[in-house]
Amino acid sequence: MKAIIFDFDGTVANTLPVNYHSFQTVFKKYDDKDFTDEEIKEMFGPVEPVIIQDHLEHSDKESAIETFYQTYEDKHSDLVDANSEMDDLLRSLKDKGLKLGIMTGKSRRSLDISLEKLGMSDLFDVIMTGDDVSEPKPHPEGVLKAIDQLGVSKEDVMFLGDSDSDIEAGQRAGVRTVGVHWLPEVQTKEFSHEPHQTFENISDFVDFLEGAQTR
């Protein structure tokens, strides 16, 4: 294994709560509508501005988009806890010479906020966001672009994610897929696309990697 590509929300960081809250703030402020977390989750796929453009009835969509990002940044520290176990995992993988990538459906702007808030801005060799692709997950475009930029072959890549769209994208890209449910909030509780491995906690994944390296 030469490279590991990670989904972000629900995989690297427990950012789903701040995503939900930020969208809920926008829809309440501009349309006076209340959406549940599950209803917001159903909108996921495109980047955040497109979600707002597609679902907001209010005409001032640009202001609503700015409200989303401002809320996301302002509430990030309150709603997203730092995860030392994940930080240790990423830094350990880098120390061992593995290349690290992100393939996320979120926008570059919200990802940069999260990476800066969590002190992870320097950890990834390649970052692929929803702004960088024409087809969102489960289309494999983003995974394939990340592999190309990492300069490795598909056989040497592992893609980790918490949702069906992650696993399907990895499968369609022809890489090893790993389903993870190690954070409090995940997008898919039961995978309908079967990953090669699944892990409920980070320590088991570390043990798996160490075992693979010794074989």
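Our structure is the block above this text.
These numbers come from a predicted model, not from an experiment.

Definitions and limits used
- Residues numbered from 1 in each chain as written.
- Predicted model: local features only at pLDDT ≥ 70, side-chain atom pairs only at ≥ 80, totals over all residues.
- Heavy atoms only, no water.
- 1 Å grid on protein atoms, 1.4 Å probe; cavity = no way out; pocket = protein on both sides within 12 Å on 5 of 7 lines; lining within 4 Å.
- Points joined across faces, edges and corners; volume = space filled by probe spheres on them.
- Helix = DSSP H or I, 4+ residues; strand = E, 2+ residues; numbered from the N terminus.
- Nonpolar A, V, L, I, M, F, W, Y, C, P; charged D, E, K, R; others polar.
- Patch = residues over 30% accessible without salt bridge, like charges linked within 9 Å, V, L, I, M, F, W, Y side chains within 5 Å.
- Areas by Shrake-Rupley, 256 points an atom, 1.4 Å probe, with all protein chains shown as cover.
- Salt bridge = Lys/Arg side-chain N within 4 Å of Asp/Glu carboxyl O.
- Lys, Arg positive; Asp, Glu negative; His and termini not counted.
- Charge placed at Lys NZ, Arg CZ, Asp CG, Glu CD.
- Buried < 20%, exposed > 50% of the residue type's maximum accessible area, 1.4 Å probe, protein only.
- Core = buried A, V, L, I, M, F, W, Y, C linked by side-chain atoms within 4.5 Å.
- Axes fitted to C-alpha atoms, helices over the stretch in contact; angles between N-to-C directions.
- Parallel < 35°, antiparallel > 145°, perpendicular 65-115°, else oblique.
- Left-handed = near helix turned anticlockwise from the far one by under 90°.
- Contact = heavy atoms within 4.5 Å.

Engineer: How would you summarise the layout of surface pockets if you had to cite specific residues and measurements?
Structural biologist: Space inside the largest pocket adds up to approximately 450 Å³. Lys41, Phe44, Gly45, Ser165 and Gln187 are the residues nearest the centre of the largest pocket, which is lined by 27 residues in total. Counting residues per element, the ones that place at least two in the lining of the largest pocket are helix H1 (16-31), helix H2 (37-43), helix H3 (48-55) and helix H8 (164-173). Taken together, the residues that form the lining of the largest pocket break down as 9 nonpolar, 9 polar and 9 charged.

Engineer: Tell me about unusual backbone geometry, residues and numbers included.
Structural biologist: With an omega of 20 degrees, the peptide bond running from Lys137 to Pro138 counts as cis. Turning to its location among the elements, Pro138 is positioned in the loop between strand S3 (126-128) and helix H7 (141-150). Of note in this structure, Asp32 is not a glycine but carries a positive phi near 55 degrees. On the secondary structure map, Asp32 appears in the loop between H1 and H2.

Engineer: Could you give an account of a negative patch on the surface, with specific residues and numbers?
Structural biologist: A surface patch of like charges, here negative, comprises Glu190, Glu200, Asp204, Asp207 and Glu210. Along the chain, Glu210 falls in helix H9 (residues 202-214).

Engineer: Can you lay out the pattern of salt bridges for me, pointing to particular residues and giving the numbers?
Structural biologist: A side chain of one charge can pair with a side chain of the opposite charge when the charged atoms of the two come close. The tally for this structure, following the rule as stated, stands at 15 salt bridges. For Glu66, the salt bridge is made with Arg109, and the minimal N-O distance between the two is 2.9 Å. You can see Glu66 sitting in helix H4 (residues 61-79) and its partner Arg109 sitting in helix H6 (residues 108-117), a full 43 residues away along the chain. Of the residues examined, Arg109 reaches a relative accessible area of 39% and is grouped as partly exposed. Close ionic contact of Arg172 with Glu168 constitutes a salt bridge, the shortest N to O distance being 3.6 Å. In this pair, Arg172 and Glu168 are both assigned in helix H8, 4 residues apart and thus about one turn of the helix distant. For Arg172, a relative accessible area of 46% gives the class partly exposed. Ionic contacts of the salt-bridge type, sharing partners, join the residues Asp7, Lys137 and Asp166 into one network.

Engineer: Provide a residue-level description of the nonpolar core, including the pertinent values.
Structural biologist: Ranked by size, the top nonpolar core spans 48 residues in total, and within it Ile4 and Phe124 carry the most contacts. Tallying contributions element by element places H1 first for this core, with 7 residues. By size, the runner-up hydrophobic cluster in this structure holds 16 residues, among which are Val133, Val143, Val152 and Val175.

Engineer: Quick one: what's the story with the packing of H4 against H6, residue by residue and with numbers?
Structural biologist: Interhelical geometry of H4 versus H6 gives an angle of 15 degrees and a closest axis separation of 10 Å. The angle between H4 and H6 places the two elements in the roughly parallel class. Where H4 crosses over H6, the two elements pack in a sense that is right-handed. Each of Glu66, Tyr69, Tyr72, Glu73, His76 and Ser77 in H4 lies in contact with H6, whose residues at this interface are Arg109, Ser110, Ile113, Ser114 and Lys117. A per-class count over the contact of H4 with H6 returns 3 nonpolar, 4 polar and 4 charged.

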